[in-house]
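In case you want the letters, here they are:
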Amino acid sequence: MEYYLFTFVSTHGAIASKQYLGEQMEIRIMPTLREISNSCGISIRVKPENFEKAKELMEQGSVHDYKIYHVSGKKVEEWN
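Residues numbered from 1 in each chain as written. Predicted model: local features only at pLDDT ≥ 70, side-chain atom pairs only at ≥ 80, totals over all residues. Heavy atoms only, no water.

Enquirer: Would you explain the pairing of strand 3 (residues 42-46) in this entry?
Expert: Within a regular strand, side chains alternate between the sheet's two faces. Pairing analysis gives four bridges linking strand 1 (residues 2-8) to strand 3, with the strands arranged antiparallel. Bridging across to strand 3, Tyr4 finds its partner in Val46. Here four bridges tie strand 2 (residues 28-31) to strand 3, and the two strands are oriented antiparallel to one another. The residue bridging Arg28 from the neighbouring strand is Arg45, located in strand 3. (Pairing = 2+ DSSP bridges. Helix = DSSP H or I, 4+ residues; strand = E, 2+ residues; numbered from the N terminus.)

The structure is reproduced here in structure tokens:
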């Protein structure tokens, strides 16, 4: 399974981003993966086909303190 994960420093950032992105596209909220230790416990999961749109929306949104990870099977890599 492949997807992109937006992680946040604060729960507030995660909730605000969930509301913002969720109004414009399909997303999923999930616990942050154990492999990612430097974030709050909530992440936003995005399908690969929706990633570019999600990234663009996040750049335009009010929350800027986040990281993006690419998850493919058991491989988790920070996306630049």
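Additional details are given in the paragraphs that follow.
Enquirer: What should I look at first to understand the environment of Tyr66 in this one?
Expert: Assignment of secondary structure puts Tyr66 in strand 4 (residues 66-72). Measuring from C-alpha to C-alpha, the distance between Tyr66 and Gly13 comes to 8.1 Å, with 53 residues separating the pair along the chain. Every residue in contact with Tyr66, bar those within four places of it in the chain, is listed here: Phe6, Thr7, Phe8, Met58 and Glu59. (Contact = heavy atoms within 4.5 Å.)

Just distances and angles here, no functional claims.
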